[in-house]
Amino acid sequence: NAGVTQTPKFQVLKTGQSMTLQCAQDMNHNSMYWYRQDPGMGLRLIYYSASEGTTDKGEVPNGYNVSRLNKREFSLRLESAAPSQTSVYFCASSPASGFSNEKLFFGSGTQLSVL
Amino acid sequence: AQKITQTQPGMFVQEKEAVTLDCTYDTSDQSYGLFWYKQPSSGEMIFLIYQGSYDEQNATEGRYSLNFQKARKSANLVISASQLGDSAMYFCAMRGSRTSYDKVIFGPGTSLSVIP
């Protein structure tokens, strides 16, 4: 059972470089999420997608773009990386939209450093 | 705007003792869900317990229980009989919005250390 798969696991970028974090889930989930985790700040929601074809901004969307490529895949793009984007990024998914009791299933995270 | 507050950055508890981790939230929604997740040093996120805003009874899952006080907008996690393996970060989360339940936000977390 793969669950939620994130690639890469580690990445080092120089300021101004671009990159795309990939996320795929094999659980036929409708909703997908991108979070960043910084010490003392918990997980902050960057973008989420309630269903294929829809995306919405979260708490900290500036500097990021997302694409819900299909039901399985939800990618996060940094167009011009900044040191402030150094963080651990988590992708998550949940089964369906519209229910309050659905827990999140998380990927293992991507450690991103921007120099 | 929705917000979750966890006022205890770090907590210590003696092994086999009970501990309460605080969580308060702010929302104008009437219907929402509250969750607790555990993150050990390995980094994985582990779901612990869920409480719905309309649930009349406090949720329980093994050694975990949720002290839900809706009027005070608090959802504290109680861990009974603490074990060394309980040492981890604990995050309170809320699912709910005016239009859908898709948005899920987290609090800043509490680091729990269990002392032998």
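Cut-off values and rules
Residues numbered from 1 in each chain as written. Chains lettered and ligands numbered in written order. Predicted model: local features only at pLDDT ≥ 70, side-chain atom pairs only at ≥ 80, totals over all residues. Heavy atoms only, no water. Pairing = 2+ DSSP bridges. Helix = DSSP H or I, 4+ residues; strand = E, 2+ residues; numbered from the N terminus. Axes fitted to C-alpha atoms, helices over the stretch in contact; angles between N-to-C directions. Buried < 20%, exposed > 50% of the residue type's maximum accessible area, 1.4 Å probe, protein only. 1 Å grid on protein atoms, 1.4 Å probe; cavity = no way out; pocket = protein on both sides within 12 Å on 5 of 7 lines; lining within 4 Å. Points joined across faces, edges and corners; volume = space filled by probe spheres on them. Salt bridge = Lys/Arg side-chain N within 4 Å of Asp/Glu carboxyl O. Contact = heavy atoms within 4.5 Å. Polar contact = N/O pair within 3.5 Å; in protein donor to acceptor, adjacent residues only side chain to side chain.

K.L.:
Break down the sheet that holds strand β7 (residues 65-68) of chain A for me, with residues and values.
P.N.:
Residue and element names in this part refer to chain A. As summarised here, the arrangement of the four strands in space is β1-β3-β8-β7, forming an open sheet in which the pairing is antiparallel. Looking along the sheet, the strands with just one partner apiece sit at the ends: β1 (4-7) and β7. Adjacent strand axes in the sheet meet at a mean angle of 15°, parallel and antiparallel pairs treated alike.

K.L.:
Run through the pairing of strand β10 (residues 88-95) of chain B, naming residues and quoting values.
P.N.:
The side chains of a regular strand alternate, residue by residue, between the two faces of the sheet. All names here are of chain B. Here β10 lies mainly inside the structure; seven of its eight residues are buried. Of the strand pairs in this sheet, strand β5 (residues 33-39) and β10 are connected by seven bridges, and their pairing is antiparallel. Of the residues in β10, the one forming a bridge with Lys 38 is Tyr 90. Direction of pairing for β10 relative to strand β11 (residues 104-106): antiparallel, over a ladder of three bridges. In the strand pairing of β11, Ala 93 is matched with Phe 106.

K.L.:
Residue-level account of the layout of surface pockets, with values.
P.N.:
In this structure, the largest pocket encloses a volume near 320 Å³. What lines the largest pocket is a set of 22 residues, among which A:Gln37, A:Val88, A:Phe90, B:Gln39 and B:Gly43 lie closest to the centre. Secondary structure elements with two or more residues in the lining of the largest pocket: β4 (31-38), β9 (87-94) and β11 (110-114) of chain A together with β10 of chain B.

K.L.:
Requested: an account of the pattern of salt bridges, with residues and values cited.
P.N.:
Residues and elements named next belong to chain A. Applying the stated criterion across every chain yields a total of five salt bridges over all chains. Taking the shortest distance from any N to any O, the salt bridge between Arg 44 and Asp 38 comes out at 2.8 Å. In this structure, Arg 77 and Glu 79 form a salt bridge, with 3.1 Å as the shortest nitrogen-oxygen distance. On the accessibility criterion, Arg 77 (30% relative accessible area) is partly exposed.

K.L.:
Lay out the environment of A:Gln25 in plain terms, naming residues and giving numbers.
P.N.:
Residue and element names in this part refer to chain A. By the element assignment, Gln 25 lies in strand β3 (residues 19-25). Taking the C-alpha atoms as reference points, Gln 25 and Lys 71, 46 residues apart in sequence, are found 8.5 Å from one another. Every residue in contact with Gln 25, bar those within four places of it in the chain, is listed here: Gly 3, Val 4, Met 32, Arg 68, Lys 71, Arg 72 and Ser 93. Looking at Gln 25, its side chain comes within polar contact range of the main-chain nitrogen of Asn 28, at 3.2 Å. Among the polar contacts listed, one links the side chain of Gln 25 to the backbone oxygen of Lys 71, at a separation of 2.9 Å.

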